[in-house]
Amino acid sequence: MTYAHWLHDFETEAERRRQRADPPWERGANLHPDVAKSVQRFQIGEAGDGANLIAKAAGDGTYLAAVRLFVAEEQNHARMLAELLAAAGVGTLGRHWTDTVFVRLRRALGLRLELMVLLIAEVVALRYYRALRDGAGDPLAAQVAARILADEERHVPFHCHRLELAFRTMNHPARAALFGAWRVLLLGVAITVAVDHGAALRRLGVGRLVFVADVLTAFEAALGRIRGERPKPPYVPKRARPRGLF
């Protein structure tokens, strides 16, 4: 894949999105209060304007154009989640501490390190939206989650491609040390999300330990892409609705 391929991919998806009708918001949604609170927090995380990332991507016109379309997809996720909450009679939040920490951390870093932090969020989102799709028990929530999940499954390899190029010239010991620190950060984030969203995850049929384990597995698959290994089939958790784990 080249940046031209990625740009074509994002443009094709943007055109498909323009031609596709929105989910039927007028039907309403039935979200358990724990799930609604969880969706509110993820909605904030999707709602950034992406200006900092766009500024850092300047210099490569094709990559920058793809990044702009990536940001537009993330903003569309925020819009759909806000519509889903409204359909359930729930408002959006103004802020949440987890999003504040992530935004400040990303803005303080260069492009490579910002993408490393962003990839953590994307990998967590893969597992979360799959759980929401499969476990919410509401048709509208399932449809919204499925649309967002399909985008996130494209976003992860997009960021991996850029990071693979960025790490290509780094010597092996330095890269191994950085990947080790990256794993520690990912583990901390996964545990934080599992604790913060634990009640919702239980309602969605995913135990906290299972959620963390599945995020770690998906992250290792992403690291394999960044190391230039042959991509494996998309990761799908084997335990869709485990019970009894925290």
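These figures come from a predicted structure and were not determined experimentally.

Time to look at the overall build of the chain. Secondary structure assignment for the chain yields 10 helices and 0 strands. Going from N to C terminus, the chain has its helices and strands arranged as α-α-α-α-α-α-α-α-α-α. Expressed as a percentage of the 246 residues in the chain, the buried residues total 46%. Counting every atom, the chain has about 11,900 Å² of accessible surface; 57% of that belongs to carbon and sulfur.

The next thing to look at is a nonpolar patch on the surface. A cluster of nonpolar residues, L187, I191 and V195, forms a patch on the protein surface that exposes about 240 Å² of accessible area. Here V195 is to be found in helix α8 (residues 172-196).

Once that is clear, we can look at the pattern of salt bridges. Pairing between side chains of opposite charge can happen when their charged atoms approach one another. Using the criterion set out here, one finds 14 salt bridges in the structure. Measuring nitrogen to oxygen at the nearest pair gives 2.6 Å for the salt bridge that ties E114 to K56. One end of the pair, E114, is in helix α6 (residues 111-135); the other, K56, is in helix α3 (residues 51-56), with 58 residues separating them in the sequence. Between E153 and R130 there is a salt bridge, with its nearest N and O atoms 3.1 Å apart. You can see E153 sitting in helix α7 (residues 139-167) and its partner R130 sitting in helix α6, a full 23 residues away along the chain. Owing to a relative accessible area of 38%, E153 belongs among the partly exposed residues under this scheme. Sharing partners across several salt bridges, the network here consists of D9, R17, E73, D151 and R154.

Glancing now at the environment of L185. Its location among the elements puts L185 in helix α8. You can call L185 partly exposed: its relative accessible area is 36%. Along the primary structure L185 and I120 are separated by 65 residues, whereas in three dimensions their C-alpha atoms are 8.4 Å apart.

So, on to the nonpolar core. In this structure, L119, Y129, W182, F211 and I226 are the most contacted members of the largest nonpolar core, which totals 71 residues. Filtering out sequence-adjacent residues up to four positions away, W182 remains in contact with M116, L119, I120, L163, F167, F219, L223 and I226.

This part takes up the packing of aromatic side chains. When we look at a pair of aromatic rings, we describe it by the centre distance and by the angle of the planes. Counted under the stated rule, the structure contains 12 aromatic pairs. Measuring from centroid to centroid gives 3.7 Å for F42 and Y128, while their planes differ by 5°, and the two rings are stacked. Within this pair, whereas F42 is found in helix α2 (residues 33-46), its partner Y128 is found in helix α6, the two being separated by 86 residues in sequence. Summarising the burial analysis for this pair, F42 and Y128 share the class buried. With centroids separated by 6.2 Å and ring planes inclined at 35°, the aromatic side chains of F167 and W182 adopt a geometry described as tilted. You can see F167 sitting in helix α7 and its partner W182 sitting in helix α8, a full 15 residues away along the chain. Classification of F167 by relative accessible area gives buried; the value is 0%.

A separate point is helix α4 (residues 61-87). When the terminal C-alpha atoms of α4 are compared, their 39 Å separation across 27 residues agrees well with the 39 Å that a helix rising 1.5 Å per residue should span. You can read the cap of α4 off the contacts: a side-chain oxygen lies 3.2 Å from the backbone nitrogen of T62, and it is on D60. Note on α4: the residue one or two positions beyond its end, G89, has a positive phi of about 75°.

Now for α2. Relative to the 20 Å expected for 14 residues at 1.5 Å per residue, α2 spans 20 Å between its end C-alpha atoms, a close match to the ideal helical length. Among all positions of α2, only V35, A36, S38, V39, Q40, F42, Q43, I44 and E46 are buried.

The angle between the axes and the distance between the axes are what describe a pair of packed helices. Close contact between helix α1 (residues 3-19) and α4 brings their axes to 9 Å; oriented N to C, the two are set at 35°. Once α1 is placed against α4, the crossing between them reads as left-handed. Where α1 approaches α4, its residues Y3, A4, L7, F10, E11, E13 and R17 are matched on the opposing element by T62, Y63, A65, A66, L69, F70, E73 and N76. Class assignment of the residues belonging to the contact of α1 with α4 gives a composition of 9 nonpolar, 2 polar and 4 charged.

The rules we used
Residues numbered from 1 in each chain as written. Predicted model: local features only at pLDDT ≥ 70, side-chain atom pairs only at ≥ 80, totals over all residues. Heavy atoms only, no water. Helix = DSSP H or I, 4+ residues; strand = E, 2+ residues; numbered from the N terminus. Buried < 20%, exposed > 50% of the residue type's maximum accessible area, 1.4 Å probe, protein only. Areas by Shrake-Rupley, 256 points an atom, 1.4 Å probe, with all protein chains shown as cover. Patch = residues over 30% accessible without salt bridge, like charges linked within 9 Å, V, L, I, M, F, W, Y side chains within 5 Å. Salt bridge = Lys/Arg side-chain N within 4 Å of Asp/Glu carboxyl O. Core = buried A, V, L, I, M, F, W, Y, C linked by side-chain atoms within 4.5 Å. Contact = heavy atoms within 4.5 Å. Phe/Tyr/Trp six-rings, centres within 6.5 Å; stacked < 30°, edge-to-face > 60°. Expected span 1.5 Å × (residues − 1). Polar contact = N/O pair within 3.5 Å; in protein donor to acceptor, adjacent residues only side chain to side chain. Axes fitted to C-alpha atoms, helices over the stretch in contact; angles between N-to-C directions. Left-handed = near helix turned anticlockwise from the far one by under 90°. Nonpolar A, V, L, I, M, F, W, Y, C, P; charged D, E, K, R; others polar.

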